[in-house]
Amino acid sequence: LLLAASHKKRPAAITECCLPHSSQIYPIHLPLEKRTRRALLICNIEFEHLSRRNGAELDMEGMTRLLEGFGYMVDIHRNLTSQEMAVVMKDFARRKEHLTSDSTFLVFMSHGVRAGLCGIRSSGENSDILSPDTIYKEFNNEHCQALLGKPKVVVIQSCRGDRIGSVMVSDSAAPAVPNPGCDHTFPAGLEDDAICQVHLESDFATLHSSTPDTVSWRSPVIGSLFIHHLIEQFRNHAWNSDLQELFRKVQYSFGKFPRQLPAQERTTMLRKFYLFPGH
């Protein structure tokens with residue numbers, strides 16, 4: 001009786017904030033036999049004006065096997081212009097299988113510049129370039145409602161500039177000056193209308209092969225270092241780690257190769273995503 005009485009007196013704010021663990025994880029509603037996971041893989045290898053991406057075949061084969069092992073049917077497209085990539089994405093976003101899926105992977109491999117991914121007719125910074133904005137537009141909650149509230153995992157293997165991503169660090173460097181803080185204010189008087197609204201660009205998780213303005217490294221023997229490390233970390237840890245922890249493990253695996261560092265960007269995941277829930 002004393003426990004019951006104390007429970008009734010507990011402030012509502014405390015009980016509401018203690019959400020069950022399951023509510024913090026993306027749900028998997030359908031059983032395996034009814035689930036229709038689809039993944040999109042675009043890999044540009046041959047170009048009209050740029051060098052051939054030797055070793056990219058290994059990346060494509062390795063990522064296909066990895067995603068198929070996770071239960072995704074992989075739609076593979078090779079050697080596309082930026083316009084063709086946009087059309088392929090639009091068609092993939094409309095696939096009816098997304099209605100009975102819990103997530104998707106969107107994998108892009110190509111030469112790249114600061115502005116985006118190179119199509120096969122690219123010859124410089126401003127010709128035949130696919131902006132990353134196009135990816136998020138085609139799969140946001142306005143244009144791809146079949147994936148509303150479901151993880152959309154974006155993996156991009158490309159250079160993002162021509163700089164080497166390492167620097168010599170001195171132990172005598174002056175301490176950094178912190179940036180002045182800023183107050184976050186919200187407009188008063190917000191009300192909840194009957195219309196349901198959602199974030200335009202929620203539930204994305206993006207991992208680039210390198211930081212902005214820097215190069216990504218590829219070997220003709222083992223393929224791209226980024227894809228090689230990603231496959232290794234996912235195979236070893238996907239059974240018990242959520243997606244963003246897997247991303248962190250991929251980043252950490254580059255600790256002994258300071259010329260390149262994968263970067264998580266434009267990630268708007270609201271929950272944890274486990275490829276194998278229940279473990």
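Our structure is the block above this text.
The structure contained in this document is the topic of the report that follows. (Residues numbered from 1 in each chain as written. Predicted model: local features only at pLDDT ≥ 70, side-chain atom pairs only at ≥ 80, totals over all residues. Heavy atoms only, no water.)

### Here's the deal with helix α6 (residues 225-237)
Thought 1: Between its first and last C-alpha, α6 extends 18 Å over 13 residues, near the 18 Å set by a 1.5 Å rise per residue.
Thought 2: All of the buried residues along α6 are Leu225, Phe226, Ile227, His229, Leu230, Ile231, Gln233 and Phe234. (Helix = DSSP H or I, 4+ residues; strand = E, 2+ residues; numbered from the N terminus. Expected span 1.5 Å × (residues − 1). Buried < 20%, exposed > 50% of the residue type's maximum accessible area, 1.4 Å probe, protein only.)

### Looking at the packing of helix α3 (residues 56-69) against α6
Thought 1: Across the interface, α3 lies against α6 with an axial gap of 10 Å and an inter-helix angle of 20°. Here α6 runs roughly parallel to α3, going by the angle between their axes. Once α3 is placed against α6, the crossing between them reads as left-handed. From α3, Asp59, Gly62, Met63, Arg65 and Leu66 reach across to α6, where they touch Ile227, Leu230, Ile231, Phe234 and Arg235.
Thought 2: Here the residues of the contact of α3 with α6 are counted per class, giving six nonpolar, one polar and three charged. (Axes fitted to C-alpha atoms, helices over the stretch in contact; angles between N-to-C directions. Parallel < 35°, antiparallel > 145°, perpendicular 65-115°, else oblique. Left-handed = near helix turned anticlockwise from the far one by under 90°. Contact = heavy atoms within 4.5 Å. Nonpolar A, V, L, I, M, F, W, Y, C, P; charged D, E, K, R; others polar.)

### Description of the layout of surface pockets
Thought 1: Here the largest pocket is characterised by a volume of approximately 310 Å³.
Thought 2: Surrounding the largest pocket, 22 residues form its lining, Pro27, His29, Leu148, Gly149 and Lys150 being those nearest its centre. (1 Å grid on protein atoms, 1.4 Å probe; cavity = no way out; pocket = protein on both sides within 12 Å on 5 of 7 lines; lining within 4 Å. Points joined across faces, edges and corners; volume = space filled by probe spheres on them.)

### Here's the deal with the sheet that holds strand β3 (residues 104-109)
Thought 1: The mixed open sheet is built from six strands, whose spatial order is β2-β1-β3-β7-β8-β11. Two strands bound the open sheet, and with one partner strand each, they are β2 (73-78) and β11 (263-264).
Thought 2: In the sheet, β3 pairs with strand β7 (residues 152-157) via six bridges, with the strands oriented parallel. Note that in β7 the partner of Leu106 across the bridge is Val154.
Thought 3: Each of β1 (38-43), β2 and β3 is contacted by helix α4 (residues 82-93), which is oriented at about 175° to β1, the strand it contacts most. (Pairing = 2+ DSSP bridges.)

### Looking at the nonpolar core
Thought 1: Judged by nonpolar contacts, the single largest core of 35 residues is most densely connected at Met63, Phe105, Leu230, Phe234, Leu243 and Leu275.
Thought 2: Elements with a contribution of two residues or more to this core: β1, α3, β3, β7, β8 (204-208), α6 and α7 (243-252).
Thought 3: For this core, the leading source of residues is α6, giving six residues.
Thought 4: Phe92, Leu117, Leu147 and Ile156 belong to the second largest nonpolar core, which has 20 residues in total. (Core = buried A, V, L, I, M, F, W, Y, C linked by side-chain atoms within 4.5 Å.)

### Focus: the sheet that holds strand β6 (residues 129-130)
The pairing of strands in a sheet comes from backbone hydrogen bonds and takes either a parallel or an antiparallel form.
Thought 1: The three strands are arranged β4-β5-β6 in an open sheet whose pairing can be described as antiparallel. One side of each edge strand has no neighbouring strand; the edge strands of this open sheet are β4 (112-113) and β6.
Thought 2: In terms of strand pairing, strand β5 (residues 116-118) meets β6 through two bridges, oriented antiparallel. Bridge pairing in β6 places Cys118 opposite Ile129.

Note that all results are geometric; they support no functional claim without further evidence.
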